[in-house]
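# Architecture and fold: a report
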Amino acid sequence: MSTSLTVAEAISARRSIGKVQDTPVDKNIIESILEAGNWAPSHHCTEPWRFFVMTGNGRKVLAEAYADIACEGSDAAGDELETFRAKQGLKAYRAPLIIAVAVTPSEAANVNRREELAAAHAAVQNMLLAAHASGLASIWRSGDPMYHPRMKSAFGLGDESEMVALIYLGYPVNPIHPGKRGSFEDKTVWISEGPADQA
């Protein structure tokens, strides 16, 4: 994948790809992805995003969290429980690189928490586009386990923080095929006249 893609090309060509190779990702590429996330817009310039990069054995942090959350409501015991734990933990090893993204909202009086979350989501999108431009496949994973208090504790986050994404990254196994979208025209209302103009 060429790094000379235009922004429009990267946006339209990026796909969510979960099946990736085990090949490690070069640190320079990882840092370029983090840099892209760090340049997301944030109201009041709060930069509320937090990144946790997991590679190699570092993915065990996520594996243990997945396993603990899954076992919380399980009736299994003994060997059955251990097998179940191991299976749940494997979710953390589906890619050679995982970046957990969290938001720690500013406590300033004029800051709206919803805007802090929006900023963190914008950072995730920047990172997905940068990954695609670097030749990587990626998928933005979430789901109930990501919002569980155990997941926050895995990354040392306080009550005020929230997880917003688990980005799985790696080199694609298969070619990335074009996606499909309905026309933007079907989702757009053009407003060119104000009430005064219509009087």
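In this report, we go over the structure that sits alongside the text. Position numbers for residues count from 1 along each chain, tracking the sequence in the order it is written. Residues qualify for local features only when their pLDDT is at least 70, as the model is predicted, and side-chain atom pairs are given and counted only at 80 or more; totals for whole chains, interfaces and linings, by contrast, use all residues. The side-chain numbers reported here are obtained from all heavy atoms of the structure, hydrogens and water having been left aside.

## A few points about the sheet that holds strand E2 (residues 97-103)
- Pairing is antiparallel across the open sheet formed by four strands, whose spatial order is E1-E2-E4-E3. Only two strands of the sheet have a single neighbouring strand rather than two, namely strand E1 (49-55) and strand E3 (137-141). On average, adjacent strands in this sheet sit at an angle of 20° to one another, irrespective of strand direction.
- Any two strands are treated as partners once DSSP identifies two or more bridges connecting them. In this text, helices come from DSSP runs of H or I with a minimum length of four residues, and strands from runs of E with a minimum of two, each type numbered from the N-terminal end. As judged from the seven bridges shared by E2 and strand E4 (residues 162-170), these two strands associate in the antiparallel manner. By the bridge assignment, valine 101 is partnered in E4 with alanine 165. Comment: axis = line fitted to C-alpha atoms, over the contacting stretch for helices; angle = value between 0 and 180 degrees taken between N-to-C directions.

## With respect to the pattern of salt bridges
- The salt bridge criterion pairs a side-chain nitrogen of Lys or Arg with a carboxyl oxygen of Asp or Glu, the two atoms within 4 Å. A full pass over the atoms with the stated rule returns five salt bridges.
- One salt bridge in this structure joins lysine 27 and glutamate 31, with 4.0 Å as the shortest N-O distance. In this pair, lysine 27 and glutamate 31 are both assigned in helix H2 (residues 27-38), four residues apart and thus about one turn of the helix distant.
- Accessibility expressed as a relative area gives 41% for glutamate 31, which makes it partly exposed.
- A cluster of three or more residues bridged by salt bridges with shared partners is formed by Glu64, Asp68, Arg85 and Arg150. Exposure classes here rest on a 1.4 Å probe applied to the protein chains alone. A residue is buried below 20% of its type maximum, exposed above 50%, and partly exposed in between.

## Overview of H2
- Taking 1.5 Å per residue as the helical rise, H2 with its twelve residues ought to reach 16 Å, and the 16 Å between its terminal C-alpha atoms agrees with that figure.
- The set of residues buried in H2 consists of Ile29, Ile30, Ile33, Leu34, Ala36 and Gly37. In a view along the axis of H2, the buried residues occupy a sector of 155°, so they form one face of it. In H2, those exposed residues whose orientation departs by more than 90 degrees from the buried face are Lys27 and Asn28.
- Whether two residues touch is decided by their heavy atoms; if any such pair falls within 4.5 Å, the residues are in contact. Residues of H2 that are buried make contact with E1, E2, helix H5 (113-133) and E4.
- Distance and chemistry together define a polar contact, namely a pair of N or O atoms within 3.5 Å, with one atom able to donate a hydrogen and the other to accept it when in protein, and with adjacent residues in sequence counting only for side-chain atoms on both sides. Here H2 starts with a cap whose side-chain oxygen sits 2.8 Å from the backbone nitrogen of asparagine 28, and that cap is aspartate 26. Residue count minus one, scaled by 1.5 Å, sets the expected span of a helix. Note that the arc is computed from the directions linking the helix axis to the C-beta atoms.

## A few points about the pairing of E4
- E4 sits mainly inside the fold: eight of its nine residues count as buried.
- Note: E3 against E4, five bridges, orientation antiparallel. Looking across to E4, one finds that alanine 137 is bridged to glycine 170.

## With respect to the packing of aromatic side chains
- Pairs were defined over the aromatic rings of Phe, Tyr and Trp, the Trp ring being its six-membered one, requiring ring centres within 6.5 Å. Orientation was assigned from the angle between planes: stacked under 30 degrees, edge-to-face over 60, tilted for the rest. Taken as a whole and judged by the stated rule, the model has one aromatic pair.
- On the numbers, 5.0 Å between centres and 40° between planes, the contact of phenylalanine 52 with phenylalanine 155 is tilted. Taken together, the residues phenylalanine 52 in strand E1 and phenylalanine 155 in the loop between helix H6 (149-154) and E4 connect sequence positions 103 residues apart.
- Looking at phenylalanine 52, the relative accessible area reads 21%, which means it is partly exposed.
- A relative accessible area of 9% places phenylalanine 155 in the buried class.
- Geometry around tyrosine 66 places lysine 91 over its ring, the cationic atom sitting 5.6 Å from the centre.
- Placement of a charge over a ring requires the Lys NZ or Arg CZ to be within 6 Å of the ring centre, with the centre-to-atom vector within 35 degrees of the ring normal. Its guanidinium or amino end placed over the ring of tyrosine 168, arginine 141 lies 4.8 Å from that ring's centre, counting from NZ or CZ.

This is a description of form; function is not addressed.
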